[in-house]
Each structure stands twice: as C-alpha cells, then as structure tokens.
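Spelled out from the first residue to the last, the chains are:
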Amino acid sequence: MTENPAHIDLWPAPHASAAVDATVHVPGSKSVTNRALVLASLAADPGWLRRPLRSRDTLLMAGGLRAMGVGIEETVSSSSTVSRGPAASGEAWRVIPSGLQGPATVDVGNAGTVMRFLPPVAALADGPVRFDGDPRSYERPLNGVIDALRALGARIDDDGRGALPMTVFGGGALDGGPVEIDASSSSQFVSALLLSAPRFNQGVEVRHVGSALPSMPHIRMTVDMLRNAGAQVDTPESGGEPNVWRVTPGALLGVDLTIEPDLSNAQPFLAAALVTGGRVVIPDWPERTTQPGDRLRELFTEMGGSCELTDQGLVFTGSGSVHGIDADLSEVGELTPGIAAVAALADSPSTLRGVAHLRLHETDRLAALTKEINELGGDVTETADGLHIRPRPLHGGVFHTYDDHRMATAGAVIGLVVEGVEIENVATTAKTLPDFPDMWAGMLGN
Ligand SMILES: O=C(O)C1=C[C@@H](OP(=O)(O)O)[C@@H](O)[C@H](O)C1
Ligand SMILES: C=C(OP(=O)(O)O)C(=O)O
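Just so it is clear, the structure is predicted and the values come from calculations on it, not from any experiment. Along each chain, numbering runs from 1 in the same order as the chain's sequence is written. For naming, the first written chain is A and the first written ligand is 1, with later ones following in the order written. Only residues with pLDDT of 70 or above have their local features reported here, since the model is predicted, and side-chain atom pairs are shown and tallied only from 80 upward, although totals for entire chains, interfaces and linings are computed over all residues. For side-chain calculations, the full set of non-hydrogen atoms in the structure is used, while hydrogens and water are omitted.

It is worth spelling out the overall build of the chain at this point. When its secondary structure is counted, the chain shows 12 helices and 24 strands. Over its C-alpha trace the chain gives a radius of gyration of 21 Å, about what one expects of a compact globule, namely 22 Å for 446 residues. Along the first, second and third principal axes, the C-alpha atoms of the chain reach 60 × 50 × 45 Å. Burial classes: relative accessible area under 20% of the type maximum marks a residue as buried, over 50% as exposed, and values in between as partly exposed (1.4 Å probe, protein chains only). Taken over 446 residues, the chain has a buried fraction of 59%. The secondary structure listing takes helices from DSSP runs of H or I that are at least 4 residues long and strands from runs of E that are at least 2 residues long, numbered from the N terminus. Radius of gyration: C-alpha atoms only; globule rule: 2.2 Å multiplied by the number of residues to the exponent 0.38.

UniProt positions are given in the numbering used here, feature names are shortened, and annotations may be inferred rather than shown by experiment. Feature annotation in UniProt assigns "binding site: 3-phosphoshikimate" (unreviewed entry) to the following positions: K30, S31, R35, S186, S187, Q188, S215, E334 and H361. Judged by relative accessible area, which is 6%, S31 ranks as buried. Relative to the helices and strands, R35 is located in helix α1 (residues 30-41). Not counting residues within four places of it along the chain, the set of residues in contact with R35 comprises F117, S191, L195, H218, M221, T222 and M225. The contact criterion used throughout is that any non-hydrogen atoms of two residues lie within 4.5 Å.

What follows is about the packing of helix α7 (residues 267-276) against helix α12 (residues 436-443). An axis is simply a line fitted to the C-alpha atoms; with a helix, the fit covers only the stretch in contact. Between two such axes, the angle follows the N-to-C directions and lies from 0 to 180 degrees. Between α7 and α12, whose axes approach to 11 Å, the crossing angle comes to 30°. Compared by their axis directions, α7 and α12 come out roughly parallel. Regarding α7 and α12, the two cross each other, and that crossing is right-handed. Contacts between α7 and α12 involve P268, F269 and A272 from the former and F436, M439, W440 and M443 from the latter. Looking at the contact of α7 with α12, its residues break down into seven nonpolar, no polar and no charged. An angle below 35 degrees is read as roughly parallel, one above 145 as roughly antiparallel, one from 65 to 115 as roughly perpendicular, and any other as oblique. Handedness of each helix crossing follows the sense of rotation of the near helix against the far helix: counterclockwise by less than a right angle gives left-handed, clockwise gives right-handed. Note on residue classes: Ala, Val, Leu, Ile, Met, Phe, Trp, Tyr, Cys and Pro are nonpolar, Asp, Glu, Lys and Arg are charged, and everything else, Gly too, is polar.

We now examine the site of ligand 2. Whether a residue is near a molecule or strand depends on its heavy atoms: it is near if one of them lies within 4 Å of it. Of all residues adjacent to ligand 2, which total 14 residues, the nearest are K30, G112, R140, R406 and K431. Contact between ligand 2 and G112: an oxygen atom at 2.7 Å from a main-chain N or O atom of the residue. The protein chains shown are the only cover counted for residues, whose accessible areas, like all others here, come from Shrake-Rupley with a 1.4 Å probe. Burial of ligand 2 by the surrounding chains reaches 97%, relative to a free accessible area of 300 Å². Each domain's limits were defined by an automated method or a database of domain assignments. Of the domains in this structure, domain 1 (10-27 + 261-443) and domain 2 (30-258) are the two that each give at least three residues to the shell around ligand 2. Pairing of N or O atoms within 3.5 Å defines a polar contact, subject to two protein rules: one partner must be a possible hydrogen donor and the other a possible acceptor, and residues neighboring in sequence count only if both atoms are side-chain atoms.

Here the focus is helix α4 (residues 143-151). All buried positions along α4 are accounted for by G144, V145, I146, A148 and L149. If you follow the buried residues of α4, they end up packed against α3 (112-123), β9 (155-157), β10 (166-171), β11 (177-181) and α5 (188-196). Two residues or fewer past α4, G153 is found with a positive phi of approximately 115°.

Glancing now at the sheet that holds strand β8 (residues 126-132). Only strands that DSSP links by at least two bridges are regarded as paired with each other. The four strands are arranged β7-β8-β10-β9 in an open sheet whose pairing can be described as mixed. Each end of this open sheet is capped by a strand with a single partner; those strands are β7 (104-107) and β9. When the angles between neighbouring strand axes are averaged without regard to direction, this sheet yields 20°. With four bridges joining them, β7 and β8 adopt parallel strand pairing. Within β8, the residue paired with D107 across the bridge is D132.

Bringing the sheet that holds strand β2 (residues 21-23) into the picture now. Strand order in this open sheet of four strands is β2-β16-β18-β17, and the pairing throughout is mixed. Taken across any chain shown, the strands that pair with only one partner, and hence form the sheet edges, are β2 and β17 (305-310). Put simply, the sheet's adjacent strands are angled 10° from each other on average, direction ignored. With six bridges connecting them, β17 and strand β18 (residues 313-318) associate as antiparallel partners. Bridge assignment links L309 to a residue of β18, and that residue is L314. Each of β16 (279-282), β17 and β18 is contacted by α7, which is oriented at about 35° to β18, the strand it contacts most.

What follows deals with the nonpolar core. Here, nonpolar core means buried Ala, Val, Leu, Ile, Met, Phe, Trp, Tyr and Cys residues that are tied together by side-chain atoms lying within 4.5 Å of each other. L37, M68, L118, F131, V190, L194 and V204 are the most contacted members of the largest nonpolar core, which has 73 residues in total. When residues in this core are grouped by element, the largest group, seven residues, is from α3. When near neighbours in sequence (up to four residues on either side) are disregarded, L194 contacts V204, V206, T222, V223, L226, W245 and V247. Counting 69 residues, the second-largest nonpolar core is a separate cluster that includes A16, A346, L369 and L433.

Our focus in this paragraph is the UniProt feature "active site" (unreviewed entry) in the chain. Here, the residues flagged by UniProt with the feature "active site" (unreviewed entry) are E334. Structurally, E334 can be placed in the loop between β19 (326-328) and α9 (336-343).

As a further point, take the site of ligand 1. Ligand 1 sits among 13 residues. The nearest are S31, R35, S186, S187 and E334. Protein chains bury 96% of the 380 Å² of accessible surface belonging to ligand 1 in isolation. At the level of elements, α1 and α3 are the ones that each hand at least two residues to the shell around ligand 1. Broken down by element, the shell around ligand 1 gets its largest block of residues, three residues, from α1. Residues of the shell around ligand 1, tallied by class, amount to one nonpolar, nine polar and three charged. Among the domains, domain 1 (10-27 + 261-443) and domain 2 (30-258) are the pair contributing at least three residues each to the shell around ligand 1.

Turning our attention to the pairing of strand β14 (residues 244-247). Strand direction decides the pairing type here: strand β12 (residues 204-208) and β14, joined by four bridges, are antiparallel. Among the inter-strand pairings, V206 is bridged to a residue of β14, identified as W245. As paired strands, strand β13 (residues 233-234) and β14 are joined by two bridges and run antiparallel to one another. Of the residues in β14, the one forming a bridge with D234 is R246.

In this section: the pattern of salt bridges. Salt bridges are counted wherever a side-chain nitrogen of Lys or Arg sits within 4 Å of a carboxyl oxygen of Asp or Glu. For the structure shown, the criterion picks out 27 salt bridges. Its salt-bridge partner being E241, residue R207 comes within 3.0 Å of it at the nearest N-O pair. Pair noted here: R207 is in strand β12 and E241 is in the loop between β13 and β14, with a separation of 34 residues, a long-range link. Given a relative accessible area of 24%, R207 falls into the partly exposed group. Of the residues examined, E241 reaches a relative accessible area of 36% and is grouped as partly exposed. Between D379 and R390 there is a salt bridge; the shortest N-O distance is 3.0 Å. You can see D379 sitting in strand β21 (residues 379-382) and its partner R390 sitting in strand β22 (residues 387-390), a full 11 residues away along the chain. For D379, a relative accessible area of 23% corresponds to the partly exposed category. Residues joined by salt bridges that share partners form a network here, namely D57, E362, R365, D404 and K431.

Now the structure itself:
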C-alpha cells in the first residue's frame, strides 16, 4: 500500500434511509471477457464475445491485442458495425485473429490479467513487444511468467528485475514443453501459460512447485474456456497429477460466447441487501459457473442472508442481522474486501484466512482494509494470512482507496449504514465496473 496524495476527489457514499429493494443488472465478467479475448485472438477463425465487459481492464486487454495486429470490432448487433475504437459502447465484440506482430507496445494499466496473459501471446508474435503500465504494475509479481517463458524458449529483456517494464522479443513461434513454476503469489501465472499453450509447438506441461496455489476457480475457468475453444487439457481433476496441467498443441476454434455477469462485481449489491436487511435481484446469475463470486451465495448466507436462484435471477434477501464469519478465502481472494466491509458491520467477530497474496493485488489489500476500517473507528488486525475483524460502532470519515476498485466498493457498503463516509477516487471502480456510482444510486432509487 502506498500513501495516497492528499485529497483527490471525494464521493459522499450514499446512506440508505431504508432497506434496499432493487434489481441490478451487473455487466460482464472481467475474468471471462479477458480470457475470451485472448483465446479468440489465438483462434484459427473469427469469434464473437457477446455482452463483454467494457471497463479499463478489458479495454486494455483489447488494446494490447490490437497493438499486436488482432482485429477487434465493436458492434451493437451481429450485423451493424459501429466502431473499432474504445470510445463507443458495444454489445458485442467480433475478434478477427491475424498474424501476431511487433513492434508493439502494450499498456497493462494495473490489470493482472493483461500483465500476465499477454506476454505468452507476445512470445508468439513476430517482433518485439514492449510492456509497461501503472507504477503499481512494476511491483506486482510477474517472475513466474517471465521465468517460465524463458524456459520455454522466449527471449525477454526485463532489466533483470523479473517485473515490468519489459520487452518480449517474439520469434513468431515458441517451443513450449514442460516447465516448473511457483504460482503461490498468483494463479494468473498458470492461467497465462495455459491460455496460449495450444499455439506452442509442443503445447505445455505446467507444474506448480510452491506453497498453496490461490484462486483455483480461476484456473478451472481457464481450463473450461480452453476446452470450449476445442483445446485438449489434462488437469489434476481429470485424473492427472496434483498441481500439473497439460495442454496439447492444436488449433483453437473461434467461438460465439455470451459473457456471464461478473459475480464478484455483484458483491457490493448483495452486500447492500445484507447490511440494510433488504432484497436485491441479480438477473442472469448462471446456474453453473467457474466464477469465484458464485461462492457469495454460501458466504453471505452464513453472514445472515438467504438466497434463491429463480427465473428472475438470484434473489438475495437480508434478514436484518449480519453475522461474523470464519472463512478460508484462498479460493476466492478477490471477494475479501467486500466480505471485510460486511464483517465490520456484523454482530460478532470475523477471521478471514488464506489470503496473504492479497498484499500483492491492486494495493496491499490487507494493510489498506485494516487502516481504512480502523480510521472509521473499527478494530481490524492483520494476521500472517488474513484479517481479524472485531465490529465496533463506526463513524464517518474519508475512506481511501489506493487505486483499488474493490476498496471503493467496500467503502460504499460501509457508507450505506454509517453516515458521513466519503470515498476517495470512486472513479477507480472503472477498472472493472465503470458505472458503479450510477448503479449504486439506481439501486437506492436516487
Ligand atoms: O485469473 C483471473 O482472472 C483472476 C485471478 C485471481 O488472481 P490471483 O490468483 O492473483 O489472486 C483474482 O484475484 C483476479 O481478480 C482475477
Ligand atoms: C485482483 C484483482 O485484479 P487483477 O486481475 O488485476 O489481479 C481483482 O480484480 O480483485
């Protein structure tokens, strides 16, 4: 966590005068959209993404792929093309793969998916591809991807830091084959190598050799989407060795995919129902999904709500009571800020475990949550791998966000029941949910 410059832009978090009762349409999943963009760009024929997320992270992914020569057209329907540029809003993206080429420059912003998923794509390009991004991107771990790509035959100049900025000198093809990595700091290292592997000459065999691997549902998402595009993938779950994934070389199909709503971005709205004793309906909640946000059904039920999957979508109802929770969140780390916000408003303490790697996310999320909740009068302590949260009566104040979209939405949840909370730089939600302030006002009927 780095200190914020004093006072950027304060958003008075709306206070809920009554229990919320709303239907909230949540835009597409960041994780699915960015995997779909990569797979479609590597395919043998064009593909479609319908209802993609249009946010900073996905526009950066599209921009990086376009820079390497991929055609990505935005359309309002399958027949009328309105724009190729990022300024228009699109209901579908048509992806037209082409020979990947450098020289190119990729701005990763602070998107983990872009900084990890695109270097293997760049290794397949013909020519140098320069990677740069926000200052925080220089601090986020990338060594697993860099070391693995080198072991698989790529040439990379990273000034010896194992981090951004760097240049991948694509040679038009990559040997691939077996490789060992320690992905305990980010599951995205594994996903990155698997996504491009059908295009490596020998495919890949990734063996994770470190301590526990976080965010396993995201690796399952990668495997599912690869298989949906025609790839052959062997996994620990399909009878393979533990911690080993194999992808066979072969052509990927251009598929027509409708992107699911982002269930992790549904979190603040579900939390709103929980902390105000209200009701929120999320249309199009998938019956089956690899998204980690699906675990909210169980986590927020344990914290006092109840939910039902109906024809209208997920109907989530708060009971008026909010309980603490003792939970291992290692599989669903990105849900931690939202759970911590609810836990700070609960009637009993919480222990959140298994999320040490959050210190390397958009900001050091464990330090940021501790500091910001405590500055509102809370009692949060950091543990080696998570947080202890003892609820206390909270008061208003500035909630700093450290350029972290999930800090901003977590602060908004607290602001619903604590008067006078002001969120610094709420615009940072644009990383994955550009319309958040309007959606929040809409939920409250404002
Ligand atoms: O692959 C993905 O789409 C993601 C994997 C997870 O990363 P880590 O394993 O680095 O936590 C998650 O936190 C991130 O929001 C998205
Ligand atoms: C950790 C996150 O993002 P990234 O994809 O940048 O890692 C997140 O969205 O919570």
